[in-house]
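Single-letter residue listing:
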Amino acid sequence: MNTFLVSRELLAWYDRHARGLPWRETHDPYRVWVSEVMLQQTRVDTVIPYYQKWLENFSDLHSLAAADERQAMQLWEGLGYYSRARNMLKTARILIEQRAGQFPDSIAELKKLPGIGDYIAGALASIAFGRDEVALDGNGLRVFARLAEFDQPINEAAGKAAIRELMQSMLPQGRAGDFNQAVMDLGATICVSHNPQCDQCPLTKHCHAFQNNTQDRFPLRIKKKPIPQYAVVAAVLRNGDTVLVDKRRADGLLGGLWEFPGGKVEEGEDLHTALVREIREELGVDITVHADIGTYRHAYTHFKVVVTVFEADILSGEPAALAADEIQWVRPVELDQYPMGKVDRLIAHSLL
DNA sequence: AATACGTGGCA
DNA sequence: TTGCCAAGTAT
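On a predicted model such as this, the values are computed, not experimentally measured, just so you know. (Residues numbered from 1 in each chain as written. Chains lettered and ligands numbered in written order. Predicted model: local features only at pLDDT ≥ 70, side-chain atom pairs only at ≥ 80, totals over all residues. Heavy atoms only, no water.)

DNA strand B sits among 20 residues. The nearest are Tyr-82, Lys-225, Leu-254, Thr-301 and His-302. Near the protein, meaning within 4 Å, the atoms of DNA strand B are sugar or phosphate in a fraction of 61%, with bases accounting for the rest. Leu-254 is positioned such that a nitrogen or oxygen atom in its backbone is 2.4 Å from a phosphate oxygen of DNA strand B. Within the surface near DNA strand B, the residues separate by chemical class into eight nonpolar, nine polar and three charged. (Near = heavy atom within 4 Å. Polar contact = N/O pair within 3.5 Å; in protein donor to acceptor, adjacent residues only side chain to side chain. Nonpolar A, V, L, I, M, F, W, Y, C, P; charged D, E, K, R; others polar.)

Okay, structure coming up:
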């Protein structure tokens, strides 16, 4: 492969076909950063409305550093990977307090900030600061794995490192940001996972996969383990016209979001028993379980759940936040003010 | 190195 | 319906 030609022709293609995206209107590090964080594992079409809403509420680093966490989580609700939002708040505050509100421009310093890893550090350095640095994401891995019929799995460190070196070797001095974005645009619009549009690709004459018609076989990946499925129960506990919700601890799944109390059903346990046990563990109260008011199936990244929701009443005791950061009695109509994951939001809406 | 971490689109 | 995958990072 002639890396010089690939690089030159890719840039020429990008000059004509770059997508007009909201975060490409400036090179403002704050805006580039917001977009890159939101775009992790998330499609452009999904991100755009979130990006615009976020910028309307937090137009710069100062307003984000001063932000209310609940407001930030509400704006993030539905995007997933919620630690991204919490890390953005942390990073904004670090930059305001320790760096006079300026992003560092070196990879090493950028990577010290919460939520900034190899990719975002490279993206900020190259796109926002014009430095000659690689930003390698899933698109780049796929594009170059096909170009070279790359024989190593791209979801292992060695494979990623080799492709990073290939990209490094063809990085056009002075236009690394455009080059990185060109690779991503090509991967997102033409060299897509399934049914790549090779008839529109500017690189077919360099592409080994195209020449051998092996696009479907690349990139190679190590297979993931099958994911387990769990039965989960949740309770709608009532007190007058309010229901009880709890705020999950900051770490872990859906950290910092609100939920209806409950948990996993153990092996051999029936749903009622599980719910009584979970509520006793989480809130320190005994309940009577009433009607089943809904079943929800949901797939997280590494497991699936079937959630059964029950109406329930407290028999004795005052609920306490034994396993959560906070508990609150809330009227269902007010629950939109409480950031939640998908399943709990569906349950909340079912109560209206 | 392997696993945890959300959600929605698509075949 | 099920499984794969999408602008990754933290531990």
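This brings us to the domain arrangement of chain A. Each assigned domain of chain A is listed with its residue range as follows: domain 1 (3-217) and domain 2 (229-350). For domain 1 versus domain 2, the separation of C-alpha centres amounts to 37 Å. With eight residues of domain 1 at the contact, the number on the domain 2 side is 16 residues. Taken over both partners, the interface formed by domain 1 and domain 2 buries close to 890 Å², and the fraction arising from carbon and sulfur atoms is 43%. (Domains from an automatic or database assignment. Contact = heavy atoms within 4.5 Å. Buried area = accessible area lost by both parts, 1.4 Å probe.)

Taken as a whole, the largest pocket holds about 1800 Å³ of empty space. Lining of the largest pocket is provided by 44 residues; of these, Leu-39, Gln-41, Asp-137, Gly-138 and Asn-139 occupy positions nearest its centre. Among the secondary structure elements, those contributing two or more residues to the lining of the largest pocket are α2 (29-39), α3 (44-57), α8 (118-128), α9 (138-147), α10 (157-169) and α11 (176-189). Class assignment of the residues belonging to the lining of the largest pocket gives a composition of 16 nonpolar, 13 polar and 15 charged. Lining the second largest pocket are 24 residues, with Gly-80, Tyr-81, Tyr-82, Tyr-300 and Thr-301 positioned closest to its centre. Take the lining of the second largest pocket: its biggest share by element is three residues, from helix α14 (residues 342-350). Class assignment of the residues belonging to the lining of the second largest pocket gives a composition of nine nonpolar, 11 polar and four charged. Residue-level mapping places the lining of the second largest pocket at the junction of two domains, with at least three residues from each of domain 1 (3-217) and domain 2 (229-350). (1 Å grid on protein atoms, 1.4 Å probe; cavity = no way out; pocket = protein on both sides within 12 Å on 5 of 7 lines; lining within 4 Å. Points joined across faces, edges and corners; volume = space filled by probe spheres on them. Helix = DSSP H or I, 4+ residues; strand = E, 2+ residues; numbered from the N terminus.)

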